[in-house]
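Inside the fold
Listed here are the chains, written in short residue letters.
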Amino acid sequence: MTTATSGAAEVELAIGGMTCASCAARIEKKLNRMDGVEATVNYATEKAKVSFDAAVSVADLIATVEATGYTAREPEPVRAEPEAGRGEAADELLPLRQRLVTAVVLAVPVIALAMVPALQFDYWQWLSLTLTAPVVTYAAWPFHKAAWTNARHGAATMDTLISVGTSAAFLWSLWALFFGSAGMPGMRHPFELTIARGDGAGNIYLEAAAGVTAFILAGRYFEARSKRRAGAALKALLELGAKEVTVIRGGREVLIPVGELKVGDRFLVRPGEKIATDGTVVEGSSAVDASMLTGESVPVEVGVGDAVTGATLNAGGRLVVEATRVGADTQLARMAKMVEDAQNGKAAAQRLADRISGVFVPVVIALALGTLGFWLGNGAGLTAAFTAAVAVLIIACPCALGLATPTALMVGTGRGAQLGILIKGPEVLESTRKVDTIVLDKTGTVTTGKMTLLAVHTVEDTSEAEVLRLAGALEHSSEHPIAQAVAAGATARIGSLPAPEDFANLAGLGVQGIVDGHAVLVGREQLLAEWAMELPAGLREAKAKAETAGRTAIAVAWDGRARAVLEVADAIKETSPEAIRRLRALGLTPILLTGDNKAVAEAVAAEAGIDAGHVIAEVLPQDKVEVIKRLQGEGRSVAMVGDGVNDAAALAQADLGLAMGTGTDAAIEAGDLTLVRGDLRVAADAIRLSRRTLGTIKANLFWAFAYNVAALPLAAAGLLNPMIAGAAMAFSSVFVVGNSLRLRGFQPTDR
């Protein structure tokens with residue numbers, strides 16, 4: 001898939017033939033040597049992300065990869081076909097599984113014969129040779145093939161170490177059997193974990209050749225399986241979508257594949273069906289279950305004019321939806337792309353590991369030769385020298401280094417996608433560790449972003465229900481946001497409203513009309529004054545308190561008397577106070593940022609649990625960036641949460657930008673993390689997940705580095721049998737993958 005951005009093109013290539021981290025490092029190095037090319041090659045995802053200028057073509061990039069000894073192609077678009085996807089994965093693993101089974105079945109008796117002297121009959125060594133030959137040739141063939149391919153290009157990789165080590169052990173054994181004394185009847189081979197000095201002509205290392213091959217194949221197989229499990233979240237995302245859709249054309253219902261939908265098409269969604277693509281409801285009302293996409297368990301009520309998202313489930317009535325986005329533009333496709341981009345990236349720590357693995361192989365080969373020469377020069381004998389050198393070659397394979405970041409990143413971002421948290425890339429993880437201040441946009445982030453009826457104050461002889469019935473009925477006929485808030489609040493509290501017999505909208509003052517035979521006024525206090533009505537003392541006091549708190553106060557009167565005052569405001573979300581507590585628990589200082597007046601901002605802050613000293617109010621949209629810069633200038637590492645177009649620049653300026661997925665495209669594009677739900681608690685979960693993922697990467701890298709640092713001297717000192725070295729090397733890779741898979745168990749705080 002190729003895209004063009006600001007004069008430079010970008011392509012993602014599927015790389016074939018990589019067997020270890022140093023393969024990826026070699027390809028990356030070769031591509032980056034090309035003029036105008038910047039490439040990142042990921043061993044775990046088997047992909048290269050390349051940006052290049054007009055002087056370079058995709059064919060040139062593919063030719064460079066092939067000249068390095070690997071294959072490259074532009075990947076096919078991932079299709080949401082679960083059955084085909086499973087079959088393809090199974091086919092890819094089948095050859096590896098066949099070689100593994102062959103190696104294990106044949107290597108187990110070879111190891112048993114070598115390690116249990118009681119099993120060593122007169123010609124046991126020849127049976128061992130017969131069983132080992134298929135293991136070293138057929139089962140280990142991928143290592144030999146890769147080593148030969150790399151040697152032809154003047155390079156060495158981890159496969160070179162494995163191939164040279166196992167081949168050396170096998171060829172030495174052949175020499176000892178045919179030309180030394182090891183082939184004599186009655187030869188015995190005691191089990192030793194350390195190297196004993198001896199002649200060597202009477203010793204064979206077939207168990208090392210067979211055992212190392214089996215252990216490393218087992219590690220590679222479980223690696224491959226784990227990588228597929230780790231990347232399953234991306235496939236699961238793509239499989240969420242509907243496959244077919246019923247469109248309405250010429251008044252007829254026509255069933256077509258979802259891929260044929262176009263923007264502007266109207267399609268039918270029956271109860272229980274998935275919504276085919278992003279769109280706007282033009283007919284009907286229903287409850288939509290978006291839990292598969294957002295993690296939010298409560299269905300959302302939608303009606304005419306409401307936006308709906310593709311892949312969500314229509315849980316209620318019949319809907320007719322007009323498509324607004326199709327294909328790669330839908331929220332589902334963009335989520336999948338963000339997850340894939342994140343998985344293809346590299347954290348700073350992994351770049352260091354890649355550089356190390358790129359020079360590791362020649363260093364290890366030199367160390368193995370040095371070990372061989374040292375032991376020979378010190379009179380330890382050829383056997384001891386040879387065994388120590390082979391152990392160095394085998395234990396050195398730093399596959400764990402190459403898997404440390406990608407596997408953790410794949411599992412972490414995949415789990416995040418399941419919970420409605422989209423992590424744009426590994427650099428984001430580094431940022432979450434450092435942030436100490438979190439700036440929260442007020443409208444749409446801490447608050448609902450729409451006006452809500454919050455309180456009703458009445459005179460003594462008037463009930464709240466009566467006020468809501470008469471005022472709500474009149475306001476229902478108005479399109480003003482405040483009027484709609486009153487109408488919605490009245491409907492929610494008392495149910496259906498009567499229709500007004502007469503209605504007039506008085507610009508800037510309010511509305512008037514007749515409801516159930518009562519002449520009703522709803523609006524400013526000035527409107528009542530024009531009809532010679534005054535607010536009683538109790539209502540005047542309620543109105544003053546509401547306005548001090550930054551709320552809008554609406555007067556209600558009928559039949560010549562002022563009867564009530566209604567309070568309307570942009571209410572804070574129910575989850576915001578809990579979210580603020582969780583953010584504080586993560587060591588973050590919350591700051592409220594808004595363009596509203598100070599009274600409103602402080603009232604919202606007090607309700608949400610933000611300190612009064614951490615409120616920045618009356619800020620123009622263009623000045624939000626300056627606020628972030630000022631905080632950064634104070635030495636703070638700043639995270640920003642926002643959802644509007646006016647937040648996009650501030651999100652980009654912040655050290656960590658968290659965009660509400662319920663907000664605008666501009667905000668989402670500018671953010672580092674996208675929270676699919678409009679729930680601020682998810683921001684705390686996102687930071688927790690990011691920090692946990694980063695911690696897993698660091699633990700993986702520590703294990704991989706510490707393992708090699710500790711094991712190489714032991715091998716060079718002749719204290720490790722090559723077979724034990726092979727088992728330990730394979731285990732290190734499996735450990736790293738297993739440690740990463742623990743991230744699949746990450747749970748939000750509220751579950």
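Predicted model, so just to flag it, every value in this text is computed and none were measured.

Remarks on the sheet that holds strand β26 (residues 656-660)
- As summarised here, the arrangement of the seven strands in space is β15-β27-β26-β25-β16-β23-β24, forming an open sheet in which the pairing is mixed. Each edge of the open sheet is held by one strand with a lone partner, namely β15 (421-423) and β24 (615-616).
- Across the face of the sheet, helix α22 (residues 624-633) comes into contact with β16 (437-441), β23 (589-593), β24 and β25 (638-642) while running at roughly 155° to β25.

Let's talk about the side chain of Ser 576
- Its place among the elements puts Ser 576 in helix α20 (residues 576-585).
- Overall, the relative accessible area of 0% leaves Ser 576 in the buried class.
- Among all residues touching Ser 576, those that are not within four sequence positions of it are Thr 445, Val 446, Ala 608 and Leu 680.

Here we look at the pattern of salt bridges
- Within the structure shown, the criterion is met by 23 salt bridges.
- With a shortest N-O distance of 2.1 Å, Asp 516 and Arg 469 are connected by a salt bridge. With Asp 516 in the loop between β19 (510-515) and β20 (518-523) and Arg 469 in helix α16 (residues 464-475), this pair connects stretches of sequence that are 47 residues apart.
- The partly exposed category is assigned to Asp 516, whose relative accessible area is 39%.

Quick look at the UniProt feature "transmembrane region" (unreviewed entry) in the protein
- As annotated by UniProt and renumbered to match this structure, "transmembrane region" (unreviewed entry) occupies residues 100-117, 123-141, 161-184, 204-222, 356-376, 382-405, 699-717 and 723-741.
- Spanning residues 100-117, this segment combines 89% helix with 0% strand, and its end C-alpha atoms are found 26 Å apart.

A short note on the packing of aromatic side chains
- Per the stated rule, a full pass over the model turns up three aromatic pairs.
- Judged by centre distance (5.3 Å) and plane angle (75°), the ring pair of Trp 126 and Phe 178 falls under edge-to-face. A residue pair is termed long-range when its members are at least 10 positions apart, and Trp 126 in helix α4 (residues 124-139) and Phe 178 in helix α6 (residues 158-178) qualify at 52 residues.
- Residues Trp 703 and Phe 735 carry aromatic rings whose centres are separated by 4.5 Å and whose planes lie at 35° to one another, so their mutual orientation is tilted. On the criterion of sequence distance, the pair formed by Trp 703 in helix α25 (residues 681-716) and Phe 735 in helix α26 (residues 722-741) is long-range, its members being 32 residues apart.
- The exposure class assigned to Trp 703 is partly exposed, which follows from its relative accessible area of 29%.

Quick look at unusual backbone geometry
- Despite not being glycine, Ala 311 shows a phi value in the positive range, around 80°.
- With respect to the element layout, Ala 311 can be found in the loop between β12 (307-308) and β13 (313-314).
- Phi is positive for Asp 516, close to 50°, though the residue is something other than glycine.

So, how was this worked out
Residues numbered from 1 in each chain as written. Predicted model: local features only at pLDDT ≥ 70, side-chain atom pairs only at ≥ 80, totals over all residues. Heavy atoms only, no water. Pairing = 2+ DSSP bridges. Helix = DSSP H or I, 4+ residues; strand = E, 2+ residues; numbered from the N terminus. Contact = heavy atoms within 4.5 Å. Axes fitted to C-alpha atoms, helices over the stretch in contact; angles between N-to-C directions. Buried < 20%, exposed > 50% of the residue type's maximum accessible area, 1.4 Å probe, protein only. Salt bridge = Lys/Arg side-chain N within 4 Å of Asp/Glu carboxyl O. UniProt positions renumbered as here; feature names shortened; annotations may be inferred. Phe/Tyr/Trp six-rings, centres within 6.5 Å; stacked < 30°, edge-to-face > 60°.

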